[in-house]
Amino acid sequence: MDAEILAFDPPVGIAEVLEPGLRRVLAPNPSPMTFRGTNTYLLGERGLCVIDPGPDSDAHLEAILAAVGPEQSITHVVVTHAHVDHSPLAARLARRVGAKVWAFGGPEAGRSAVMDSLAGQGLAGGGEGVDVTFLPDSVVAEGDEITGDTWTLEVIHTPGHFGNHIALAWGDVCFVGDHVMGWASSLVSPPDGDLSDFMQSCAKLQARSWRVFHAGHGAPIEMPHARLDWLVSHRLGREAEILAELSDGPATASALAARIYTDTPAALLPAATRNVFAHLVDLVGKNIISSVGDLGEKAVFERR
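The rules behind the values
Residues numbered from 1 in each chain as written. Predicted model: local features only at pLDDT ≥ 70, side-chain atom pairs only at ≥ 80, totals over all residues. Heavy atoms only, no water. Pairing = 2+ DSSP bridges. Helix = DSSP H or I, 4+ residues; strand = E, 2+ residues; numbered from the N terminus. Contact = heavy atoms within 4.5 Å. Axes fitted to C-alpha atoms, helices over the stretch in contact; angles between N-to-C directions. Parallel < 35°, antiparallel > 145°, perpendicular 65-115°, else oblique. Left-handed = near helix turned anticlockwise from the far one by under 90°. Nonpolar A, V, L, I, M, F, W, Y, C, P; charged D, E, K, R; others polar.

Colleague: Mind showing me how you'd approach the sheet that holds strand β4 (residues 47–51) here?
Modeller: Two modes of strand pairing occur in sheets, parallel and antiparallel, and in both the strands are linked by backbone hydrogen bonds. Strands sit in the order β1-β2-β3-β4-β5-β6-β7 across an open sheet of 7 strands; the sheet is mixed. Strand pairing shows two members of the sheet lacking a second neighbour, β1 (16–19) and β7 (138–139), which therefore form its edges. Sheet topology note: the strand β5 (residues 73–78)/strand β6 (residues 100–103) ladder contains 3 bridges and is parallel. If you follow His-76 over to β6, its bridge partner there is Lys-100. This element, helix α3 (residues 89–97), spans β4, β5 and β6 of the sheet and lies at about 155° to β5.

Here is the structure:
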């Protein structure tokens, strides 16, 4: 990780102004998956929208409440997706302030048919952890608007990292959750992550004009289209590596991950294997490769 990325190191629990009407509070949950921690955003001047309250942390709950001024109140709580580093605090916060929780749906909402099938076979885990009890008060869909007293958010359904993942457009600013991050490529881990959906969501965001992305982790992304282009190129490059390895003969996802992710610490190889598996499922769907037997994480894959 280069020095510019590592330079992002804001104080935990302190509301920092990003631009007029927008502040960020960093949650106390740093990890290899979350970088410095989850970014919680406070949008508005009087009636505030809290985007991604974060993990179930007493300290973070109090930090969010401490950021609310005497002439302010929290009127909306919006969750980009149901991973345990983004959604668990939503219900507690909403009850505390008398607001509703808005999201695309529960943890299985938006999941593609192929991922439903894999989940039905027992495939689970492999990501940051799913908030299995998450249930919003208000369900939103593509194109819906969530409106407060001085702000409006447009809902953009962006499955890929997670089926119920949404991005939120605030004019030419977009809150992109974990779909786009500046410090790492986004994790796509079946059955909750779907690479085919991920690439389509990238194309959806690429089709619009943006000034800045605010991600679930890491610094603001000041060149959003360049970052989207990099993400797509990165995924296509990984696909090419997988196909090159399969040209030498059939292989499993774990074998391919071990041969491709040679610099990855052993503790992160399971996540790398899920990432490779996501590519393999996508390639099966595009009829470029096939699985020997039933499609599953332990299947053997071969080029057609």
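That was the structure; now back to the text.
Colleague: Help me out: how do you make sense of the packing of helix α7 (residues 253–260) against helix α8 (residues 269–285) in this one?
Modeller: Two quantities define a packed helix pair, namely the angle between the helix axes and the distance between the axes. The contact between α7 and α8 brings their axes to 8 Å, and the two run at 115°. With respect to α8, the axis of α7 lies roughly perpendicular. Crossing hand, α7 versus α8: right-handed. Contacts between α7 and α8 pair Ala-253, Ser-254, Leu-256 and Ala-257 from the former with Leu-269, Ala-272, Thr-273, Val-276, Phe-277 and Leu-280 from the latter. Residue classes in the contact of α7 with α8 are distributed as 8 nonpolar, 2 polar and no charged.

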